[in-house]
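Each chain is listed here by its residues.
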Amino acid sequence: MWLRNEGRLFGVVFVLFNVLLAVFNVLNYRVASRATVPCVVIVAPTPAPQADTPVPTSPHRRAAVSSPTHPVASTASLAWTDTDATGDGNSTTTPHTQIVKIRNSTREETISPLNYTLPWETEQRDKYTVIKRYIPADRPTPAYEESVTLCTQGTFEFLQHVPELCDRWEGPLSVSVYAPGTDLPVAVRKILFLRKCGPPCVHLNVTWHLVYETSLAPTLLEAPVEVADMAAYEPLNCSAGFKPLQLVSEIRSSKKLPYPINVARNVARQLAGTRYVLASDIELYPSIHIVPRFLQLVARLAEKEAGKVIPRRVFTLPIFEIKKEFPAPKTKEELVKRVKDGHAIFFHKWVCDACQNFPR
């Protein structure tokens, strides 16, 4: 009897302790600290590029390619092949270290990578391969201090947000796409579709980078030289939408691959060509005219603080959520009205109030 009563008392104390702990956590997170700010920032990522730094060649602008012994016409397409692949077709080594194939309608040649410069750059980051500027923007990058680059990332399922982003953003965009294994051709199809069928700003302002596990590298990666020549990625019928593209891949779920959020974010941010960047998630839509207004702010601060030693700064932007039945506001005036009407709240208000609050 004594043991039974002791066990019952222990159970009551245990339950009471957990209830009090839960109440403490709720009170702790519901008390908003006015010192906290959201995590969308504009930062100065890198020093200005040197004057003699070569500008990357756009792979979707066709150029003649030649080997040491046989000239190859401008109708050639570029691919690389990994000679050491696993049984499921996934490469076991970094693909840019392997042989390169130059193909056209009459012959196929295999040449050493030393004899040809790929139209993109590759980099190894831990277990990931990064394809830098796989599809660069058609419009030249603005001068180093004359714009702000919107930097974002995602998988192929979220790339449909890019047209809305670039339509609102009066400047360049740097987008890194995580596309391991079978995700890669699906992602490239969608990118090419958006470049052809989306608003002009997609092909003019958006530069695309690829990220994937080196162990899941493609055995064949083609340069998207011309949409019309990419038979593997057709049809690109704008009126038919995404459905004919068969945008399906389950490799991430089947292999339980974690999303490399920090790698993807850093790739997009570090490959920006402007001094200032806005690091943001792909589902967050900026209000219009942020770029010119921010540059005006910077100019006013520079004039006010001329001659002073100013440390590096981080400028923050608050984030809001809006009910799904309403379109995302494009101006502050629209947003204020939605908040007053109860149709918009600041980001994650009901998840973690203190985490996303911002100073007044």
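Residues numbered from 1 in each chain as written. Predicted model: local features only at pLDDT ≥ 70, side-chain atom pairs only at ≥ 80, totals over all residues. Heavy atoms only, no water.

A. Just the nonpolar core, in detail. Counting 44 residues, the largest nonpolar core has Tyr134, Trp169, Leu173, Val177 and Trp208 as the members making the most contacts within it. Core analysis: the second largest hydrophobic core is formed by seven residues, Tyr178, Val211, Val267 and Leu271 among them. (Core = buried A, V, L, I, M, F, W, Y, C linked by side-chain atoms within 4.5 Å. Buried < 20%, exposed > 50% of the residue type's maximum accessible area, 1.4 Å probe, protein only.)

B. Highlighting unusual backbone geometry. One non-glycine residue, Asp126, lies in the positive phi region at around 55°. Relative to the helices and strands, Asp126 resides in the loop between strand 7 (121-125) and strand 8 (128-135). (Helix = DSSP H or I, 4+ residues; strand = E, 2+ residues; numbered from the N terminus.)

C. Main features of the confidence of the model for the protein. The pLDDT averaged across the protein works out to 74; a share of 65% of its residues lies at or above 70. Overall, residues 28-46 carries pLDDT values under 50, and its contacts beyond four positions in sequence, including any with other chains, amount to 66 contacts. When the criterion is pLDDT under 50, residues 51-116 qualifies, and its contacts beyond four places in sequence or with other chains add up to 146 contacts. (pLDDT = per-residue confidence, 0-100. Contact = heavy atoms within 4.5 Å.)

D. How the structure looks around the pattern of salt bridges. On inspection of all chains with the given rule, the structure shows 11 salt bridges. One network of salt bridges, in which partners are shared, links Glu123, Arg125 and Lys132. (Salt bridge = Lys/Arg side-chain N within 4 Å of Asp/Glu carboxyl O.)

E. A look at the packing of aromatic side chains. Applying the stated rule across the entire model yields four aromatic pairs. Centroid distance Tyr178 to Tyr259: 5.7 Å. Interplanar angle 75°. Geometry classified as edge-to-face. Of the two residues, Tyr178 is situated in strand 10 (residues 173-178) and Tyr259 in the loop between helix 5 (251-254) and helix 6 (261-270); the sequence distance between them amounts to 81 residues. Their ring planes at 85° and their centres at 5.2 Å tell us that Phe294 and Phe315 sit as a pair that is edge-to-face. With a gap of 21 residues between them, Phe294 in helix 7 (residues 290-304) and Phe315 in strand 14 (residues 315-316) connect regions that are remote in the sequence. Taken as a pair, Phe294 and Phe315 share a single burial class, namely buried. Linked through ring pairs, Tyr276, Phe294 and Phe315 together constitute an aromatic cluster. (Phe/Tyr/Trp six-rings, centres within 6.5 Å; stacked < 30°, edge-to-face > 60°.)

F. Highlighting the state of the cysteines. All chains considered together, the criterion is met by two disulfides. A sulfur-sulfur separation of 2.0 Å characterises the disulfide bridge that pairs Cys166 with Cys201. Disulfide Cys166 to Cys201: torsion about the S-S bond roughly 50°, handedness right-handed. Taken as a pair, Cys166 in helix 2 (residues 162-168) and Cys201 in helix 4 (residues 200-205) lie far apart in primary sequence, 35 residues in all. Here Cys166 matches Cys201 in class, with each residue buried. Residue Cys197 pairs covalently with Cys238 via a disulfide, S to S 2.0 Å. The sign of the S-S torsion, about -80°, decides the handedness of the disulfide formed by Cys197 and Cys238: left-handed. Pair noted here: Cys197 is in helix 3 (residues 183-197) and Cys238 is in the loop between strand 12 (220-222) and helix 5, with a separation of 41 residues, a long-range link. Judged by relative accessible area, Cys238 falls into the partly exposed class, the value being 38%. (Disulfide = S-S within 2.5 Å.)

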